[in-house]
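Coordinate inspection notes
Next come the chains, spelled out residue by residue.
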Amino acid sequence: MALGKKGVTVFMTVLLAVCLAGLERIKENGEAVRAEAGAAAGRVAITFDDGPYGETTEYLLDQLREKGVKASFFLIGRNIEGNEGLVEQMDLDGHLIGSHTFHHVKLTGLSTEEACREILETGEAISRITGKQVQYIRPPFGAWNRELEQAVDMIEVAWTVDPEDWKLEDPEEIARRVLAEVKDGDIILLHDVYRPSVEAALEIIDTLRAEGYEFVTADQLILD
């Protein structure tokens, strides 16, 4: 049956409403898919070696707390004295704390006994502050072997992204190097003894979070 002019107008109005509703659903579904994709971007761990170090570590801890981010710190034993409050704050804030030896030495260049002493002395210094056993070790220079693995009752934590931040004074360049290669499951190596590295870390965190990444402690990646 043919529609009159009024009927055509009503029909077109209804059709337009249906189309608009459909477009809105498509938009909502698209936003939901993008949100889901962002949420599933992945998990990464941001880690810091060589601290604790006075103002830079304190500033970093304050910023991590404000952002609600958990990180991993591998401490040099000789740097702990005088910075006990920073170690205590790391523990209170829920960060992972591990040993990075007492004097930042290449462990494979030492006897097994000397290497164990380097690792355990730092672990004991941390434990006296936190009351917790230290379970993780990051060997300086990545120097680790099967003999040390069998002698030390700790889990080695390596890294997968190293911007060599200690060579650079430009936070933006450090961040660029990390962001150019980071992916799901990566462990990022930085140093909290350098202010440019700390500034870069905060930029990395903000950028990756905006992309949907979740920051976890290193143990959550290596034990999963």
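Residues numbered from 1 in each chain as written. Predicted model: local features only at pLDDT ≥ 70, side-chain atom pairs only at ≥ 80, totals over all residues. Heavy atoms only, no water.

**Quick notes on the overall build of the chain**
Along the chain, the regular secondary structure elements total eight helices and seven strands. Taking all 224 residues of the chain together, 42% fall into the buried category. Within the chain, contacts between residues at least 6 apart in sequence are counted, and of these 75% link residues at least 24 apart. If you sum the accessible surface of the chain, you get close to 12300 Å²; carbon and sulfur atoms cover 51% of it. (Helix = DSSP H or I, 4+ residues; strand = E, 2+ residues; numbered from the N terminus. Buried < 20%, exposed > 50% of the residue type's maximum accessible area, 1.4 Å probe, protein only. Contact = heavy atoms within 4.5 Å. Areas by Shrake-Rupley, 256 points an atom, 1.4 Å probe, with all protein chains shown as cover.)

**What to know about the packing of helix 2 (residues 54–67) against helix 7 (residues 195–210)**
Viewed as axis vectors pointing N to C, helix 2 and helix 7 meet at an angle of 10 degrees, and their least axial separation amounts to 9 Å. Here helix 2 is positioned roughly parallel relative to helix 7, judged by the angle of their axes. Read as a crossing pair, helix 2 and helix 7 show a hand that is right-handed. In this structure, helix 2 uses Thr 56, Tyr 59, Leu 60, Gln 63, Leu 64 and Lys 67 to contact helix 7, whose residues at the interface are Arg 195, Val 198, Glu 199, Leu 202, Ile 205, Asp 206 and Arg 209. Looking at the contact of helix 2 with helix 7, its residues break down into six nonpolar, two polar and five charged. (Axes fitted to C-alpha atoms, helices over the stretch in contact; angles between N-to-C directions. Parallel < 35°, antiparallel > 145°, perpendicular 65-115°, else oblique. Left-handed = near helix turned anticlockwise from the far one by under 90°. Nonpolar A, V, L, I, M, F, W, Y, C, P; charged D, E, K, R; others polar.)

**Points about the environment of Val 182**
Along the chain, Val 182 turns up in the loop between helix 6 (171–181) and strand 6 (187–191). Here the alpha-carbon distance between Val 182 and Ile 204, two residues 22 residues apart in the chain, equals 10.0 Å.

**Considering a nonpolar patch on the surface**
A grouping of Ile 155, Ile 222 and Leu 223 is seen on the molecular surface, where their side chains present a nonpolar patch of about 240 Å² in accessible area. Summarising the element assignment, Ile 155 is placed in strand 5 (residues 155–156). Note on Ile 155: relative accessible area 35%, which makes it partly exposed. (Patch = residues over 30% accessible without salt bridge, like charges linked within 9 Å, V, L, I, M, F, W, Y side chains within 5 Å. Salt bridge = Lys/Arg side-chain N within 4 Å of Asp/Glu carboxyl O.)

**Describing helix 3 (residues 84–92)**
Among the residues of helix 3, those classed as buried are Leu 86, Val 87, Met 90 and Asp 91. All buried residues of helix 3 fall inside an arc of 140 degrees around its axis, so they share one side. Close packing links the buried residues of helix 3 with helix 2, strand 2 (72–75), strand 3 (96–99) and helix 4 (112–130). At the C-terminal side of helix 3, Gly 94 shows a positive phi close to 85 degrees. (Arc of directions from axis to C-beta.)

**Overview of the pattern of salt bridges**
When their charged atoms lie close together, side chains carrying opposite charge are able to pair. In this structure the tally under the stated criterion is 11 salt bridges. Between Arg 117 and Glu 113 there is a salt bridge, with its nearest N and O atoms 3.3 Å apart. In this pair, Arg 117 and Glu 113 are both assigned in helix 4, four residues apart and thus about one turn of the helix distant. Owing to a relative accessible area of 41%, Arg 117 belongs among the partly exposed residues under this scheme. With a relative accessible area of 57%, Glu 113 lands in the exposed category. Here Glu 173 makes a salt bridge to Arg 177, at a shortest N to O gap of 3.1 Å.

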